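Analysis of the macromolecular model
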Amino acid sequence: MSWYLAIPFFFLILAFVLRMPIGLGLIVGSMAYFVAKGVSLSILVNSICYGLVNSYILIAIPLFIFTANAMNASMVTDKVFDFARTLIGRRHGATGYVCILASLIFAGMTGSALAEASGLGVLEIRQMKKEGYDVPFASALTAATAVLGPIFPPSIPFVIYAMLSGASVGKMFLGGMVPAFLLCIVIGIYVWYIARKRNYPVGEKVTFKQFARSTFKAIPALLTPVILLVGIYTGVMTPTEAAAVAGAYALLVAFFVYHTLSLKALGKVLLDTLRTTGTIFLVIAGAYGFNYIVTSEQVSVQVVAFMSSFVHSPAVFLLAVNILFLILGCLVDVNVSQFVFLPIVLPLVRYYHIDLVHFGVVIVLNMMIGLLTPPFGMLLFVTANVAKVSLQELIKEVAPFIVAEIVALGILTYVPQSVLLLTNLMK
Amino acid sequence: MSHLKKIGRLAVDSIEVYLPIAMFILLFLAFLANVFFRYVLRDPQNWTFEFCVYSFVVIGLLGASAAYRKDDHVAFDLVYNKLSPRGQNIFRLIGSAIVAVCFVAALPTSTLYIMELPSKTSIMGIPEPVFFVSLIILMVSTVIRFAYYFVLDVKAFRSRTYVQTYHTDRTETDALI
């Protein structure tokens, strides 16, 4: 490991300070490293171009983004929300539980926390506001439940993790199911407590006819995750093909069943998909150059040697990694944590013989909690903007949800069976 | 002049927006075709896989260029937001200068390397530079945009307004949805 390694890290920090796009910070840092070392920049270009060509699995990302955007644009969220409302019925703080359930269902279609917050979130906040819930609480609940998006399959961060670690995407998707239900339970417990304390309204009485009608309307939307998961686990489709099929199904439902998507709206869906893909891609392109440097400087070897000299148990390692990534989550974007810092700790996961799927689910949940933690919490920015509340009020309300989700993270970290239960059953 | 502007705009839109969207639609159809060929016609096709992989590169790199339009790229602004307007102006100037200079410096080597790549895709036989040229387009677009931001920020600095005059309509949700 040479001092040249400090160059890309210096530029990464400089990007943070100067408000330069992080992806550009990574690329510029890599360029400076190659120039300082007297190595041709063609190696950097090569690692970006062929790195992208060899990342077949990542093609699922734009396809999942497209599915989520198509679902959001075609108002599928309304059907999902109505269905969840009839399932919950009369309870104190019923709409709070409806949000949790609707987010879980919608998570089966999107795979992205930000798509969930910006799509379903608008509806959730509007409804809770109408019913007299405190708006900061409504925004905090929306942000907290959006974390379910990338935990319940499909999941864009799981796809990226699978590409980085070599874990199976199918197993990752299975591994996320129980943790998603666990998250629903811990969030639900807090909603139960706060609904009684603040006397939030009781839900409306639902007749069987209303229930049947909302279920009938929601069935086409509810089939999306079923098609996706059955397609993957029966071996009919690869996860990437399943993402395309889910996108096609979303279009069919929007055009021919719900009649809620126009050609003009489809154009916007495509443009939004392109822009979101582009933002992720710039970080990925930068990360390929950065990871080339990390590999050639043998950083992983040094990190393993350093950590193994004083951390002897996997339990302590998991604690340390969780704390490190929670801190990183406060400071950097999730893509930076995933593409820059995760590859550095992955050799340690193998060194301590930790199951890759278990670690993947734990670390993705950890990074998603990072979307809720200030100062750099993207979900906070989105929901504060949607609800028009101050970040300060929102942070106060979101803090108990963060604690609840960290409790769930602790359970998942130290009870591997909670993650591996379904993957072991599928063996 | 306005005609030239329109033509220029159309050319940029075609490269940055219409082409990658068309590639995305084709990628989408290629995946569906792949499943259809494999399970309905019992005749798996390899070209679909290769087409998807290479078109993904084009979509991502040109998409990254399109994302500049609304300043969608993720940036960390906590330090920046603490500064005075003058400090923010200076930071923007430094950031834009670094990006523009580094990318200009890297452009000749990168262009030469990509254009001289002799390899072709193994199934479709298309020269790889056809796809990898997207990286050069992204680099050129980065240079032009950041040089333009630099000029606007120099103007703001000289007029002592210090205000950012580009991407003024951007909101957090704009950047994320």
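Note that the coordinates shown come from a computational prediction; the quantities given were computed from them, not determined experimentally. (Residues numbered from 1 in each chain as written. Chains lettered and ligands numbered in written order. Predicted model: local features only at pLDDT ≥ 70, side-chain atom pairs only at ≥ 80, totals over all residues. Heavy atoms only, no water.)

On to the overall build of chain B. When helices and strands are counted, chain B shows six helices and zero strands. Reading chain B from its N end, one meets helices and strands in the order α-α-α-α-α-α. A globule of 177 residues ought to have a C-alpha radius of gyration of about 16 Å, yet chain B, at 20 Å, is considerably larger. With respect to the three principal axes, the spread of C-alpha positions in chain B is 70 × 40 × 35 Å. Split into buried and exposed, the 177 residues of chain B put 47% on the buried side. A fraction of 71% describes how many contacts in chain B between residues 6 or more apart in sequence connect residues 24 or more apart. Accessible surface for chain B amounts to roughly 9100 Å². Of this, 68% is attributable to carbon and sulfur atoms. Charge separation in chain B, taken as the distance between the mean sites of 16 positive and 13 negative side-chain charges, equals 8 Å. (Helix = DSSP H or I, 4+ residues; strand = E, 2+ residues; numbered from the N terminus. Rg over C-alpha atoms; globule rule 2.2 N^0.38 Å. Buried < 20%, exposed > 50% of the residue type's maximum accessible area, 1.4 Å probe, protein only. Contact = heavy atoms within 4.5 Å. Areas by Shrake-Rupley, 256 points an atom, 1.4 Å probe, with all protein chains shown as cover. Lys, Arg positive; Asp, Glu negative; His and termini not counted. Charge placed at Lys NZ, Arg CZ, Asp CG, Glu CD.)

Here we come to the interface of chain A and chain B. Contacts between the two partners involve 62 residues from chain A and, on the opposite side, 67 residues from chain B. Of the roughly 5800 Å² buried at the junction of chain A and chain B (both faces included), carbon and sulfur atoms supply 80%. Interface area lost by chain A to chain B is led by R19, L274 and R275 of chain A, which between them contribute 13%. There are two salt bridges connecting chain A and chain B. (Buried area = accessible area lost by both parts, 1.4 Å probe. Salt bridge = Lys/Arg side-chain N within 4 Å of Asp/Glu carboxyl O.)

Moving on, we come to the environment of A384 of chain A. Residue and element names in this part refer to chain A. You can see A384 is positioned in helix 19 (residues 378-387). The sequence separation of A384 and S139 amounts to 245 residues, and the corresponding C-alpha distance is 6.6 Å. When sequence neighbours within four positions are dropped, the list of residues in contact with A384 reads V389, L391 and L394.

Bringing the packing of aromatic side chains into the picture now. In this description, an aromatic ring pair is defined by two values, namely the gap between the centres and the angle between the planes. For the coordinates displayed, the defined rule picks out 32 aromatic pairs over all chains. When the ring of F146 of chain B is compared with that of Y149 of chain B, the centres are 5.2 Å apart and the planes differ by 70 degrees; the resulting orientation is edge-to-face. Remark: Y149 of chain B and F146 of chain B occur in helix 5 (residues 129-158); sequence separation between them is three residues, near one turn of the helix. By way of ring pairs, the aromatic residues Y133, F137, Y190, Y193, Y200 and F401 of chain A are connected into one cluster. Positioned above the aromatic ring of Y80 of chain B is the side chain of R19 of chain A, whose terminal nitrogen or guanidinium carbon lies 4.1 Å from the ring centre. The side chain of K79 of chain A reaches across the aromatic face of Y258 of chain A, ending 4.6 Å from its centre. (Phe/Tyr/Trp six-rings, centres within 6.5 Å; stacked < 30°, edge-to-face > 60°. Lys NZ or Arg CZ within 6 Å of the ring centre and 35° of its normal.)

Residues and elements named next belong to chain A. Membership of the largest hydrophobic core comes to 231 residues, with the highest contact counts inside it found for F317 and F359. No other element matches the 15 residues that helix 14 (residues 263-296) contributes to this core. In this structure F359 touches Y161, F317, L318, V321, L342, V345, L346, V349 and I354, once residues within four positions along its chain are discounted. (Core = buried A, V, L, I, M, F, W, Y, C linked by side-chain atoms within 4.5 Å.)

This paragraph deals with unusual backbone geometry. Between P153 of chain A and P154 of chain A the backbone carries a cis peptide bond, its omega angle lying at 0 degrees. With respect to the element layout, P154 of chain A can be found in the loop between helix 8 (135-146) and helix 9 (156-165). Positive phi is not limited to glycine here, since H353 of chain A has a value of about 55 degrees. Following the sequence through the fold, H353 of chain A ends up in the loop between helix 17 (334-351) and helix 18 (356-369). A relative accessible area of 73% places H353 of chain A in the exposed class. We note that Y162 of chain B has phi near 60 degrees; this positive angle belongs to a residue other than glycine. Mapping Y162 of chain B onto the fold places it in the loop between helix 5 and helix 6 (172-176).

Let's shift gears to helix 16 (residues 314-331) of chain A. Residue and element names in this part refer to chain A. Taking 1.5 Å as the rise per residue, helix 16 with 18 residues should run 26 Å; its terminal C-alpha atoms sit 26 Å apart, in good agreement. Turning to helix 16, its buried residues number three or more, namely F317, L318, V321, N322, F325, L326, L328 and G329. Axial view of helix 16: buried residues confined to an arc of 160 degrees, hence all on one face. Against the buried residues of helix 16 lie helix 15 (299-310), helix 17, helix 18 and helix 20 (391-414). The N-cap of helix 16, judged by a side-chain oxygen 3.2 Å from the amide nitrogen of A315 a few residues on, is S313. (Expected span 1.5 Å × (residues − 1). Arc of directions from axis to C-beta. Polar contact = N/O pair within 3.5 Å; in protein donor to acceptor, adjacent residues only side chain to side chain.)

What follows covers the packing of helix 16 of chain A against helix 17 of chain A. All names here are of chain A. Interaxial distance between helix 16 and helix 17 falls to 12 Å at its minimum, and their mutual angle equals 175 degrees. For the element pair helix 16 / helix 17, the angle class is roughly antiparallel. Each of F317, F325 and L328 in helix 16 lies in contact with helix 17, whose residues at this interface are S337, F341, L342, V345, L348 and V349. Class assignment for the residues of the contact of helix 16 with helix 17 results in eight nonpolar, one polar and no charged. (Axes fitted to C-alpha atoms, helices over the stretch in contact; angles between N-to-C directions. Parallel < 35°, antiparallel > 145°, perpendicular 65-115°, else oblique. Nonpolar A, V, L, I, M, F, W, Y, C, P; charged D, E, K, R; others polar.)

Residues and elements named next belong to chain A. Among the surface-exposed residues, L319, I323, I327, L331, V403, V407, I411, Y414 and V415 lie close enough to one another that they form a single nonpolar patch of about 780 Å² accessible area. Within the secondary structure layout, I327 lies in helix 16. Classification of I327 as partly exposed rests on a relative accessible area of 48%. (Patch = residues over 30% accessible without salt bridge, like charges linked within 9 Å, V, L, I, M, F, W, Y side chains within 5 Å.)

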